[in-house]
Amino acid sequence: MEESSQGSFVTTINEEYETICWGCGLNLVLPSYAPVFKCGWCGAITNQNPVRVETRNFGLRRFRDRCFVVILAVFMLFVICGGIWAAFPVVFSISLACGIFHSVVAVSLAISTLSTFVLVAFKCAGKPIDILYGTHPGVGSGALNNYTFCHHCSKPKSPRTHHCRTCGMCVLDMDHHCPFIGNCVGAGNHKNFIAFLISAVISTIYASVMCVYSLIHILPPLENQAGYAADMAHANSVSVLRVVKNITLAYIANALFVSVRGLVLVYLFVASFSVAIGLSVLLWQQLSYIYEGKTYLSHLSSQGSEEDSEKSCGNLLRFFGCPLSIERYLPTVRNLRKRHKT
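Residues numbered from 1 in each chain as written. Predicted model: local features only at pLDDT ≥ 70, side-chain atom pairs only at ≥ 80, totals over all residues. Heavy atoms only, no water.

What is the right way to read unusual backbone geometry from this model?
One can expect most non-glycine residues to show negative phi and most peptide bonds to be in trans. Of note, Asn146 is a non-glycine position whose phi angle comes to about 65 degrees, a positive value. With respect to the helices, strands and loops of the structure, Asn146 is situated in the loop between α3 (96–122) and β7 (148–150). Positive phi is not limited to glycine here, since Ser154 has a value of about 55 degrees. Mapped onto the secondary structure, Ser154 falls in the loop between β7 and β8 (155–157). (Helix = DSSP H or I, 4+ residues; strand = E, 2+ residues; numbered from the N terminus.)

Next comes the structure, spelled out in structure tokens:
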């Protein structure tokens, strides 16, 4: 050490230190202490200070997921059975052809929703591919590029693989963990999850429409129905609201004399319509991420960065396994921007 003119001390520190890459097992000499570094041979990323995932409440989270799965399954069965009991006697009383048609539609939607729910809940979300690591002769140049090491599963993780603390495993292309299906949404069941959302949205909208259709035939007719129609025909914007209010109050008054079947239809309509709105928002969000070529987790990790992935309908085609030749007939954001600049 040497004393400087200001009275402070300057020391010479050897900044180079040696460490071992977990990917290829080669000894690496780093110029300074780096908690995260990338191997120049295999491309593996090593984190010297990994963040430990909390696993204390693992059993409680699994029990919570099982409860949500049971609740969702009971709700779907209630909508199916309650709709058959409450709506279909009314539909068959109108005409036999109408009853048969709606029966076929209802059974098809019920089978589709339940089957996709079982698939997405019990199918493996996406198991990472086992890859050789730790030996230099076996690991080639760039074979583990941007791979990290999962200290919980004790195996490599690809760039789009995440460890789920609820499932206790790494999931390939993990989008999120959904407690209502008791499973992660990843590469193995993402398509089934989208199919379940589409089927559930169509089923709940259909149930809502059928409940309203049946209620119209169950509720007693309004006493002054012709007068309400005349007021609606000659009313202005302010009067229309007053007429709608009077009609609503009249239907509420008639609803006091509705049977148990009518009350079940009212509850089914409220429940189905609210669930349809929530699932529609979730479906739109999922399709937006797929259109951007991202997952929900990758979208969160890219917030605040300058990464701008290509937004294209080809991402949707690749996701659903459609031929990419259709892409040229679909507009993309890049093409729209070019046309706007010109």
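What is the right way to look at the nonpolar core in this model?
The tendency in soluble globular proteins is for nonpolar side chains to be buried as a group. Phe117, Ile181, Phe193, Phe196 and Leu197 are the most contacted members of the largest nonpolar core, which has 19 residues in total. Sorting the residues of this core by element identifies α1 (58–86), α3, α4 (190–218) and α7 (260–291) as the ones contributing at least two each. Here this core gets six residues from one element, more than from any other, and that element is α4. Core analysis: the next-biggest nonpolar cluster, separate from the first, contains 15 residues, Val79, Val91, Ala207 and Cys211 among them. (Core = buried A, V, L, I, M, F, W, Y, C linked by side-chain atoms within 4.5 Å. Buried < 20%, exposed > 50% of the residue type's maximum accessible area, 1.4 Å probe, protein only.)

How should I be thinking about α1 in this particular structure?
Spacing of three or four residues puts side chains on the same side of an α-helix, whose turn is 3.6 residues. Compared with an ideal rise of 1.5 Å per residue, which puts 29 residues at 42 Å, α1 spans 41 Å between its outermost C-alpha atoms and is within 8% of the ideal. Contacts from the buried residues of α1 go to α2 (88–94), α3, β11 (176–178), α4 and α7. (Expected span 1.5 Å × (residues − 1). Contact = heavy atoms within 4.5 Å.)

Which parts of the structure should I look at to understand a nonpolar patch on the surface?
Taken together, the side chains of Phe92, Leu96, Ile100 and Val104 define a hydrophobic patch exposed on the protein surface, amounting to about 380 Å² of accessible area. Take Val104: it is sitting in helix α3. (Patch = residues over 30% accessible without salt bridge, like charges linked within 9 Å, V, L, I, M, F, W, Y side chains within 5 Å. Areas by Shrake-Rupley, 256 points an atom, 1.4 Å probe, with all protein chains shown as cover. Salt bridge = Lys/Arg side-chain N within 4 Å of Asp/Glu carboxyl O.)

What is the right way to read the packing of α1 against α7 from this model?
Interaxial distance between α1 and α7 falls to 10 Å at its minimum, and their mutual angle equals 140 degrees. With respect to α7, the axis of α1 lies oblique. Relative to α7, α1 is oriented so that their crossing is left-handed. In this structure, α1 uses Phe75, Phe78, Val79, Gly82, Gly83, Trp85 and Ala86 to contact α7, whose residues at the interface are Val260, Arg261, Val264, Leu265, Tyr267, Leu268, Ala271, Ser272 and Val275. Residue composition of the contact of α1 with α7, grouped by class: 12 nonpolar, three polar and one charged. (Axes fitted to C-alpha atoms, helices over the stretch in contact; angles between N-to-C directions. Parallel < 35°, antiparallel > 145°, perpendicular 65-115°, else oblique. Left-handed = near helix turned anticlockwise from the far one by under 90°. Nonpolar A, V, L, I, M, F, W, Y, C, P; charged D, E, K, R; others polar.)

Before we go on, may I ask you to explain the environment of Leu263 in this structure?
Along the chain, Leu263 falls in helix α7. Accessibility expressed as a relative area gives 51% for Leu263, which makes it exposed. Between the alpha carbons of Leu263 and Leu215 there is a distance of 9.3 Å; along the sequence they are 48 residues apart.

Explain the pattern of salt bridges here, please?
Where charged atoms of side chains with opposite charge meet at close range, the side chains can pair. This structure, assessed with the given rule, holds three salt bridges. Close ionic contact of Arg64 with Asp65 constitutes a salt bridge, the shortest N to O distance being 3.0 Å. When its relative accessible area of 33% is taken as the criterion, Arg64 is described as partly exposed. Of the charged contacts, one joins Lys155 and Asp130 as a salt bridge, the two residues approaching to 3.9 Å between their closest N and O atoms. Remark: Asp130 occurs in the loop between α3 and β7 and Lys155 occurs in strand β8; sequence separation between them is 25 residues. When its relative accessible area of 61% is taken as the criterion, Asp130 is described as exposed.

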